[in-house]
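Here is how the chains run, residue by residue.
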Amino acid sequence: MALRIIMMGAPGAGKGTQAQRIAATYGVPHISTGDIFRAHLKDGTELGRKVRGYLDAGELVPDEVTCDIVAGRLAEADCANGYVLDGFPRSIPQAEALGRFLDARNEQIDVVIDVAVPDEEIVGRLTARRTCKKCGAIYNLKFSPPASGDGTRCDRPGCDGELSQRGDDQEETIRQRLRVYHETTEPLLAYYDEHGILKSVPGSGLSPDGVFEKIEEILSAAGLS
Ligand code: AMP
């Protein structure tokens, strides 16, 4: 049975962390548009040059560019049994484009999970966020630091990669990303609620394990696990 999930939530809500866990537990690929764009920036590709200004400013990459990238990725063989989308769609036109892509293939999204965190918490969280340069594991120096060492290296078995801070996790850019989230992305909650597939989990006041338990409950109640 295929499992197609969309993770929603403000930047820093923890949707990437949860998407990684869902992917590892249910054996579906984790597709993060932010990760795809950052990989292109790092590799200095033409797409990377095209999107750099948007990422640096905390603005959305234009819908057409983003939708083309996602359509290409979702058509790859490893997506045949589903995927967890993290950071896409981020606007109504993107959601509509995804809907058309799925309709043409006779497929649908099973569930949209919103990880809800109050704005006041977001800035503190994002300034403490670190990502492993080697394996992509996400840490938070305040809430979920690496269990060993001095907080500068990944503690996943056999990794030991260096932790780094994302360029757009600076306070001014974070505030702009939050504005964009409320204006352009948040309306998707009502959109997916109307489609009857929206579920919400509290992303605040629970550990990452606690949030994941709630997600597992939702997936099992929906007969998806
Ligand atoms: P994220 O890692 O999801 O926080 O994304 C980082 C940045 O990549 C965003 O601030 C946007 O500039 C860009 N981005 C990621 N996903 C999208 C999307 N679906 N639509 C437009 N821009 C995106």
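Reading the values: the criteria
- Residues numbered from 1 in each chain as written.
- Predicted model: local features only at pLDDT ≥ 70, side-chain atom pairs only at ≥ 80, totals over all residues.
- Heavy atoms only, no water.
- Helix = DSSP H or I, 4+ residues; strand = E, 2+ residues; numbered from the N terminus.
- Expected span 1.5 Å × (residues − 1).
- Buried < 20%, exposed > 50% of the residue type's maximum accessible area, 1.4 Å probe, protein only.
- Contact = heavy atoms within 4.5 Å.
- Pairing = 2+ DSSP bridges.
- Polar contact = N/O pair within 3.5 Å; in protein donor to acceptor, adjacent residues only side chain to side chain.
- Arc of directions from axis to C-beta.
- Axes fitted to C-alpha atoms, helices over the stretch in contact; angles between N-to-C directions.
- Near = heavy atom within 4 Å.
- Areas by Shrake-Rupley, 256 points an atom, 1.4 Å probe, with all protein chains shown as cover.
- Nonpolar A, V, L, I, M, F, W, Y, C, P; charged D, E, K, R; others polar.
- Core = buried A, V, L, I, M, F, W, Y, C linked by side-chain atoms within 4.5 Å.

Before going further, it helps to examine helix α1 (residues 15-26). With 12 residues, α1 should cover 16 Å at 1.5 Å per step; its first-to-last C-alpha distance of 16 Å lies within 8% of that length. Along α1, the positions that sit buried rather than exposed are K15, G16, T17, Q18, A19, I22 and A23. If you follow the buried residues of α1, they end up packed against β1 (3-8), β2 (30-32), β3 (82-86), β4 (111-116), β6 (138-140) and α9 (208-221).

Inspection of the secondary structure puts L3 in strand β1. Given the relative accessible area of 5%, L3 is considered buried. Along the sequence, L3 and D110 sit 107 residues apart, while their C-alpha atoms lie 6.6 Å from each other. If sequence neighbours within four positions are ignored, L3 has contacts with Y26, V28, N81, G82, Y83, D110 and L224.

Of all five residues that make up β3, five are buried, and the element is covered over most of its length. Alternating positions in β3 separate into two faces, G82, V84 and D86 on one and Y83 and L85 on the other, with burial throughout. Inspection of the sheet shows β2 paired to β3 by three bridges, in the parallel sense. Each residue of the ladder has a partner; that of H30, found in β3, is V84.

Another point: the side chain of S32. Here S32 lies in strand β2. One polar contact links the side chain of S32 to the main-chain amide nitrogen of D35, over a distance of 2.9 Å. Once residues within four sequence positions are removed from consideration, S32 is found in contact with R38 and D86.

Further remarks concern helix α8 (residues 187-194). Three or more residues of α8 are buried, namely L188, L189, Y191 and Y192. All buried residues of α8 lie within an arc of 160° about the axis, which places them on one face of the element. Close packing links the buried residues of α8 with β1, α5 (92-104), β4, α7 (171-185) and β8 (198-202). Positive backbone phi, approximately 75°, marks G196, located one or two places after α8.

As a further point, take the sheet that holds β1. Pairing is parallel across the open sheet formed by five strands, whose spatial order is β2-β3-β1-β4-β8. Looking at strand neighbours, the two that pair on one side only are β2 and β8, the edges of this open sheet. Put simply, the sheet's adjacent strands are angled 25° from each other on average, direction ignored. Set on the sheet, α1 makes contact with β1, β2, β3 and β4; between it and β1 the angle comes to about 165°.

Next up on the list: the site of the ligand. Taken together, the neighbourhood of the ligand is formed by 17 residues, with T33, R38, E59, G87 and Q94 sitting nearest. Separating a nitrogen atom of the ligand from a backbone N or O atom of V61 is a distance of 3.0 Å. Here a nitrogen atom of the ligand sits 2.9 Å away from a polar atom, N or O, in the side chain of Q94. Burial of the ligand by the protein amounts to 96% of the accessible area it has alone, namely 480 Å². Breaking the shell around the ligand down by element, the ones donating at least two residues are α2 (33-43) and α3 (46-57). With four residues, α2 is the largest single contributor of residues to the shell around the ligand. Considered class by class, the residues forming the shell around the ligand number six nonpolar, five polar and six charged.

Attention now goes to the nonpolar core. If you look at the biggest cluster of nonpolar residues, it comprises 50 residues, and the most contacted ones within it are I5, M7, L74, L98 and Y192. If near-sequence neighbours (up to four positions away) are discounted, Y192 is found in contact with I6, P89, A95, L98, V112, I197 and L198. Formed by seven residues, the second largest nonpolar core is a distinct cluster that contains L41, L47, L55 and V65.

Another point: the sheet that holds strand β5 (residues 129-132). Taking strand neighbours across the sheet as the criterion, the three strands line up as β6-β5-β7 in an open arrangement whose pairing is antiparallel. At either end of the open sheet lies a strand with only one pairing partner, and these are β6 and β7 (163-164). Alignment of β5 against β7, held across two bridges, turns out to be antiparallel. Note on β7: the bridge partner recorded for T131 is S164.

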